[in-house]
Number of protein chains: 2
Amino acid sequence: MNSRTAQDLLDAHIHRERLKHTGQRVVVLQTFLSAEGHVSIDQLLQDCRKVAPGIGHATVYRAMKLFVDAGIAIERRFQDGQTRFEPVNPEGHHDHLICTVCGVIVEFEDPVIEERQHEVARANGFRTTHHRHEIYGTCLDPSTCARRPSLTA
Amino acid sequence: MNSRTAQDLLDAHIHRERLKHTGQRVVVLQTFLSAEGHVSIDQLLQDCRKVAPGIGHATVYRAMKLFVDAGIAIERRFQDGQTRFEPVNPEGHHDHLICTVCGVIVEFEDPVIEERQHEVARANGFRTTHHRHEIYGTCLDPSTCARRPSLTA
DNA sequence: GTCTATGCAAAGTATTTGCAACGTT
DNA sequence: AACGTTGCAAATACTTTGCATAGAC
């Protein structure tokens, strides 16, 4: 999602809910959009403080919740205990491949799996709303893998 | 997994690691095995206390970690913040369908999806070790769905 | 007797909430 | 002026850890 769309979605949501525009929300939004996907609150807070030193952690939590409501961000929880956020992708969702050694997160999307999930749900008397699919493994190329910092470090 | 196998695995692990057999571990193991899958620590603690009133929560946490190490239990985290445990299934793993209204958790296993995951991983230069796949949706049958207590309630 | 396990309380994480001061409209 | 927002601190929820005592071997 580009900065333009995100800002429009936020404006619309703020107007709809009778909320207010604030400097902090602009900072959190810009920081969030310029971070590479899958940012943790902690990382986000640190980055925001480079621009707005006085910003509090509760503000970042509250802003991210607002962005989720506004349709700008998606909340993700992997296995490391921290909630991470990524920008909504208007062209559709994707799932994740995660290396347990170096922590790199790769996005994927597979129509066969998507299709099959709906069939499985239907066969069990469910209507699918969303899903979570994470494949854990290790990078086959040790040279690039070993150099990246681990997710759990 | 039956009680017999679980006990054997635990005995083996205890012997291997030079640990000790204790009454509490027996209680937690029996309680865990007789609970239907996906028990939370909290539920487990309450159930254990029916049999052994003095048992502490730390003991249950420690016992479950031990069972995971022994290959008896698997740790699962769904979206509700609590860690849940289920017995290891020796015939292979399965994934989950979860109703967001009533909270019922149904297990599924689909060879097409399994196969496809490995291909996706390979295509991205990964070797799969494990994965997590949860499909969220709603029960199509409202009569059974509405009667069950919600996961998030 | 040695060394692990237990129960309690305290500490640690991640996140949420109460509240007075502040900023937006 | 009215009301949502902020930053702080306190509260909450879940899990882990320190420590003295109890129990297994």
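Each value, and the rule that gives it
Residues numbered from 1 in each chain as written. Chains lettered and ligands numbered in written order. Predicted model: local features only at pLDDT ≥ 70, side-chain atom pairs only at ≥ 80, totals over all residues. Heavy atoms only, no water. Domains from an automatic or database assignment. Contact = heavy atoms within 4.5 Å. Buried area = accessible area lost by both parts, 1.4 Å probe. Salt bridge = Lys/Arg side-chain N within 4 Å of Asp/Glu carboxyl O. Least-squares fit on C-alpha atoms with pLDDT ≥ 70 in both.

1. A few points about the domain arrangement of chain A
Residue and element names in this part refer to chain A.
- Annotation of chain A at the domain level lists domain 1 (3-87) and domain 2 (95-137).
- Between the C-alpha centres of domain 1 and domain 2 the distance comes to 25 Å.
- Contacts between the two partners involve six residues from domain 1 and, on the opposite side, seven residues from domain 2.
- Taken together, both faces of the contact between domain 1 and domain 2 bury some 590 Å²; the carbon and sulfur share is 55%.
- Across the contact surface, domain 1 and domain 2 share zero salt bridges.

2. Examining the relation of the copies chain A and chain B
- For the pair chain A and chain B, the superposition axis carries a translation of 0.0 Å, the fit reaches an RMSD of 0.1 Å, and the rotation angle comes to 180 degrees. Both copies are brought into coincidence by an operation consistent with a two-fold rotation axis. When C-alpha distances to the rotation axis are compared across chain A, the minimum falls at His-133 of chain A, with a value of 2.1 Å.
- A high fraction, 100%, of the interface residues of chain A reappear at the interface in chain B, so the copies pair face to face through one surface.

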